[in-house]
Structure formats: C-alpha cells, structure tokens
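Here is what each chain is made of, one letter per residue.
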Amino acid sequence: MATKVISENIVLKLEDGFLKSWLDQVLPEVLSLLWSIVLAFIVFWIGRKIIKLISKVLKKSLSHANVEDGLASFLNSMAKGCLNIILFIIILGLFGVTTSSIAATVAALGLTAGLSLQGALSNFAGGCIILLFHPFKAGDYIIEDNNKNEGFVESITIIYTTIRTLDGRRILIPNGTLAAASITNCSDTNKRMFNEKIGISYSSDIKTAKDILFDIAYHANGLVAPEEIKVFVAELGESTVNIGLRFWIDSDSFWTTKWQTLELIKNRFDEAGVEIAFNQLDVHINNIGNN
C-alpha cells in the first residue's frame, strides 16, 4: 500500500512539472559554468600570447638601452610576474570572484610568506637595490668591509652575488648582507693611490731615503703622470722615522706595481745603507760577584 502511495506521489510531481522545474533551475547554472570555463581558457590563451609579446618587446628595449644583463633579467621577470598576476585576477573574475576577496587572500598569503621567508625577502630586497643602484658591477674588485670578503665580482643574481678571490676561491654572498654592509669598490676609478709608510732607523739619513723613494715612484709602472708624487716624514715614532710615500697608479697595474715597489724599496735601501727599522730586544747581563 505504501509503495503504491509513493509511486502515485512521484507520478503527480512529474505531472506537475517537477523535473522540468528542476532542470530549468540547474541547467542555466551548468551552462553558465561551462561557458565561464571555455571563456577562461580563451582568455588564458590570449593573455599568455600577449605576455610573451610584451616580454619580447621589453627584452629588446632593455638590450637597445644597454641595460646590464642582471638588471634586464630582473626587470623582465618582474614584468612577467605582474602580468601573470593580472591575468589570474581577470580569469577569477570570470567565475564571479570579486577583487576585494582576491586582495584579502593575497594580503593574508603575503603576511604568512613574509613571516616565514624573512631572510629570503631580505636577500631579494638587497638584490633589487644592487641591480637598480649599481654600487658595483660584474668585473669589479670589491671588499665587503664587515666580513672582509674580497674579490672580483663574477655574477649578480636577485638573491646572491658571486665573487672570485685572488687565490681562485668562489664565494657566494647573500645580497641582504651586501646591501646592509659598507662596500669598498676598488674598480670604480681608473687610478688608485700607493700609500705606504716605511720606517727607517734614527741613525739613517732621511734625505737619502726620500730621494730613493721619489726615484722609485717616478719610474714605477703605471704611474699616473699628472698626479704629484709625495714623499714626506709622516711621524717620528719611538724607534723609527716613518716616511710616507704616495703616488697614483693606473688601476689595472696597481697590485703588480705595489709589489714591485715594496721589493725595490728594500733592495735600494740595502744598497744605500738605509736601515729599515724593526723591533729589537737588547739584553744586558751584569755579572755580580759573590760577597
């Protein structure tokens, strides 16, 4: 009996158009979703083509403007990232997602990522500063003053800067460290100063020592001729007369000339009898007779 009643109720609902009414409600939503999916694929395909075209044009423009490779790569990557985010937002909008909802989600994700990736973000920000303001470039000889890392810059990426030391070691320095530290760029100028003090004994002749130093500087390799050679008594120490020598050298010849000059000073002083002072300890032994 109960089965018959249920069957009759189903028949009555079908006769009343229940199935038709349900399809009228659901079918437009399904068709709308399918249309949104198709439209999203079309927008995605067109958007990717446009992004590739913009990236290609930007890359050529940066190349014609002689922008450094590291900075050009960074700017191109940033532009592509921003354009992809815009495309993603447009596609979400096709499915009815509002801009305010997207902004709230991005803000929450950004806060979470920022707290968990503080070190990486610091290096990223440091890379942006280095690539935009050019405190140094590939090929420069730099000294990171805090940790005394020094060498020739091989490459600059968005996270790390790679330097090659004089003895061939390869050092990767986080850009956050470089951006926060003081940097000595030894290649930023085409000349460098030889600036040394040579201590001679008080018994040596000062004029002879100064003449020798001036002559060595005057004939030095890579000497920048218009600049003045300065030889002077820098200070009178406890056991030495410190004579200063200053002259400018072409940056490319600096290290070779410096090493040659120091060796020449020692040899020429020895030949002239000018004593380079060094710490000495005099020991006096007094014989005390037994009473």
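Check the entry above for the structure.
Residues numbered from 1 in each chain as written. Predicted model: local features only at pLDDT ≥ 70, side-chain atom pairs only at ≥ 80, totals over all residues. Heavy atoms only, no water.

(A) Structural view of the side chain of arginine 192. The residue arginine 192 is located in strand S6 (residues 191–200) in this model. One buried charged residue, arginine 192, remains without a salt bridge, the closest side chain of opposite sign being glutamate 150 at 7.6 Å. (Helix = DSSP H or I, 4+ residues; strand = E, 2+ residues; numbered from the N terminus. Buried < 20%, exposed > 50% of the residue type's maximum accessible area, 1.4 Å probe, protein only. Lys, Arg positive; Asp, Glu negative; His and termini not counted. Salt bridge = Lys/Arg side-chain N within 4 Å of Asp/Glu carboxyl O.)

(B) Representation of the sheet that holds strand S7 (residues 230–236) in the model. Pairing is antiparallel in the open sheet, where 3 strands are placed in the order S6-S8-S7. Every interior strand has two partners, whereas the edge strands, S6 and S7, have only one. Strand-to-strand twist in this sheet, taken as the mean axis angle between neighbours without regard to direction, amounts to 25 degrees. In the packing of helix H7 (residues 206–218) onto the sheet, the strands contacted are S6, S7 and strand S8 (241–250), and the crossing angle to S8 comes to about 10 degrees. Running at roughly 20 degrees to S6, helix H8 (residues 254–272) makes contact with S6 and S8 of the sheet. (Pairing = 2+ DSSP bridges. Axes fitted to C-alpha atoms, helices over the stretch in contact; angles between N-to-C directions. Contact = heavy atoms within 4.5 Å.)

(C) Spatial organisation of a positive patch on the surface. Taken together, the side chains of Lys49, Lys52, Lys59 and Lys80 make up a positively charged region of the molecular surface. Counting residues per element, the positive patch draws most heavily on helix H2 (residues 18–64), which supplies 3 residues. Structurally, lysine 59 can be placed in helix H2. Assessed through its relative accessible area of 59%, lysine 59 is described here as exposed. (Patch = residues over 30% accessible without salt bridge, like charges linked within 9 Å, V, L, I, M, F, W, Y side chains within 5 Å. Areas by Shrake-Rupley, 256 points an atom, 1.4 Å probe, with all protein chains shown as cover. Charge placed at Lys NZ, Arg CZ, Asp CG, Glu CD.)

(D) Structural view of the packing of aromatic side chains. The final tally for this structure, using the stated rule, is 5 aromatic pairs. With 4.9 Å between their ring centres and 75 degrees between their planes, tyrosine 141 and phenylalanine 152 make a pair best called edge-to-face. Of this pair, tyrosine 141 sits in strand S1 (residues 141–144) while phenylalanine 152 sits in strand S2 (residues 149–156), placing them 11 residues apart in sequence. A relative accessible area of 38% means that phenylalanine 152 is categorised as partly exposed. With centroids separated by 6.3 Å and ring planes inclined at 15 degrees, the aromatic side chains of phenylalanine 214 and tyrosine 218 adopt a geometry described as stacked. Of the two residues, phenylalanine 214 and tyrosine 218 are both situated in helix H7; the distance of 4 residues between them amounts to about one turn of the helix. By relative accessible area, which is 40% here, phenylalanine 214 ends up partly exposed. With a relative accessible area of 52%, tyrosine 218 lands in the exposed category. Within the aromatic cluster, the residues linked to one another by ring pairs are Phe254, Trp255 and Trp259. (Phe/Tyr/Trp six-rings, centres within 6.5 Å; stacked < 30°, edge-to-face > 60°.)

(E) Seen up close, H8. The terminal C-alpha atoms of H8, which comprises 19 residues, lie 26 Å apart, in line with the 27 Å expected from a rise of 1.5 Å per residue. Residues of H8 that are buried sit in contact with S6, H7 and S8. Glycine 273, located one to two residues past H8, shows a positive phi value of around 75 degrees. (Expected span 1.5 Å × (residues − 1).)

(F) Focus on a nonpolar patch on the surface. A cluster of nonpolar side chains, contributed by Trp35, Val38, Ile42, Trp45, Ile46, Ile50 and Ile54, occupies part of the molecular surface with about 710 Å² of accessible area. Within the fold, isoleucine 54 resides in helix H2.

(G) The packing of H7 against H8, seen in detail. Where H7 meets H8, the axes come as close as 10 Å, and the angle between the chain directions of the two elements is 145 degrees. Like other packed secondary-structure pairs, H7 and H8 cross with a definite hand, here right-handed. Each of Thr208, Ala209, Ile212, Leu213, Asp215 and Ile216 in H7 lies in contact with H8, whose residues at this interface are Thr261, Leu264, Ile265, Arg268, Phe269 and Ala272. Each residue belonging to the contact of H7 with H8 can be placed in one class, and the counts come to 8 nonpolar, 2 polar and 2 charged. (Left-handed = near helix turned anticlockwise from the far one by under 90°. Nonpolar A, V, L, I, M, F, W, Y, C, P; charged D, E, K, R; others polar.)

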